[in-house]
Amino acid sequence: MPYDPRKAAQTIAYLAIKNGAKPLNVVKTVKLVYLADRESMAQFGFPIQDEPRVSMKHGPVNSRTYAFINGEHCADSNGWSQFLTDRADHQIGLANTNITVDDLDELSDADIGVLDKVWNDFGHMNQWQLVDWTHSKDNVPEWEDPGDTSTEIPIERMMHHVGIQNVSAQAELIDSLKSAQRVLENL
């Protein structure tokens with residue numbers, strides 16, 4: 001479960017495919033990625049992406065994915081650039097318009113089901129509609145206005161607001177799976 005830039009890129013690539021293989025606005029993209037993690041947490045008790053999430057001026061954001069979108073990491077060494085273009089004119093798109101869902105080998109059927117739901121619910125919205133929607137405490141109560149900075153959104157807070165019954169036990173399970181994965185990677 002460690003952060004996987006390739007899986008994050010494939011998540012965005014899937015959304016771009018749903019967008020008719022056309023580039024997506026960056027703000028819209030980061031909102032959809034966050035909402036997909038939130039939906040996955042509600043359905044399965046686990047997010048799609050294992051990464052920190054933060055409250056920012058324009059709403060909640062998956063911070064590592066946002067850093068990759070912004071070019072803050074080398075996109076060539078981890079599979080990111082195989083699926084996505086560099087950010088340009090507030091857009092991010094498919095590296096190749098021939099990419100199909102079959103090429104997205106990091107996404108499970110459950111991930112794709114979540115992404116389909118998120119696209120069906122929110123894909124018609126533009127970035128500012130999504131900003132407004134995610135700022136509403138009725139919709140995303142874990143987001144808190146940080147002003148011109150950012151503040152962490154603890155995963156436990158997200159879990160609580162999506163209806164996870166035993167937040168502490170679920171957080172411990174996620175942490176133990178991360179630890180087990182690190183052990184396996186070091187073997």
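Above this text sits the structure in question.
Now for a quick tour of the structure. (Residues numbered from 1 in each chain as written. Predicted model: local features only at pLDDT ≥ 70, side-chain atom pairs only at ≥ 80, totals over all residues. Heavy atoms only, no water.)

1. Observations regarding the pairing of strand β3 (residues 59–62)
No. 1: In this sheet, β3 lies alongside strand β2 (residues 53–56) in antiparallel orientation, the contact comprising 4 bridges. Bridging across to β3, V54 finds its partner in V61.
No. 2: Where β2 folds back on β3, the antiparallel hairpin that results is connected by 2 residues. (Pairing = 2+ DSSP bridges. Helix = DSSP H or I, 4+ residues; strand = E, 2+ residues; numbered from the N terminus.)

2. Points about the pattern of salt bridges
No. 1: In total, this model carries 8 salt bridges according to the counting rule given.
No. 2: Close ionic contact of R6 with E106 constitutes a salt bridge, the shortest N to O distance being 3.4 Å. Of the two residues, R6 sits in helix α1 (residues 5–18) while E106 sits in the loop between β4 (91–92) and α5 (109–122), which places them 100 residues apart along the sequence.
No. 3: You can call E106 partly exposed: its relative accessible area is 30%.
No. 4: Between R38 and E142 there is a salt bridge, with its nearest N and O atoms 2.7 Å apart. With R38 in helix α2 (residues 26–44) and E142 in the loop between α6 (127–135) and β5 (151–152), the pair connects residues that are 104 residues apart, well separated along the chain. With respect to class, R38 is no different from E142; both count as buried.
No. 5: A cluster of three or more residues bridged by salt bridges with shared partners is formed by R6, D105 and E106. (Salt bridge = Lys/Arg side-chain N within 4 Å of Asp/Glu carboxyl O. Buried < 20%, exposed > 50% of the residue type's maximum accessible area, 1.4 Å probe, protein only.)

3. Side note on the sheet that holds β2
No. 1: Strand order across the open sheet formed by 3 strands is β3-β2-β5, with antiparallel pairing between neighbours. The sheet is open, and its two borders are formed by β3 and β5, each paired with just one other strand.
No. 2: Lying over the sheet, α2 contacts β2 and β3, oriented at roughly 80° with respect to β3. (Contact = heavy atoms within 4.5 Å. Axes fitted to C-alpha atoms, helices over the stretch in contact; angles between N-to-C directions.)

4. Quick look at the packing of α2 against helix α7 (residues 155–162)
No. 1: Axis separation between α2 and α7 bottoms out at 9 Å; the angle between their running directions is 65°. You can see that α2 and α7 cross each other, and the crossing is right-handed. Counting all contacts with α2, which are made through Y34, D37, R38, M41 and A42, the residues of α7 involved are I155, M158, M159, H161 and V162. (Left-handed = near helix turned anticlockwise from the far one by under 90°.)

5. Notes on the nonpolar core
Inside soluble globular proteins, nonpolar side chains tend to come together where they are buried.
No. 1: Judged by nonpolar contacts, the single largest core of 48 residues is most densely connected at W80 and L84.
No. 2: Ignoring anything within four residues of it in the chain, the contact list for L84 reads A9, I12, A13, I92, G93, L94 and A95. (Core = buried A, V, L, I, M, F, W, Y, C linked by side-chain atoms within 4.5 Å.)

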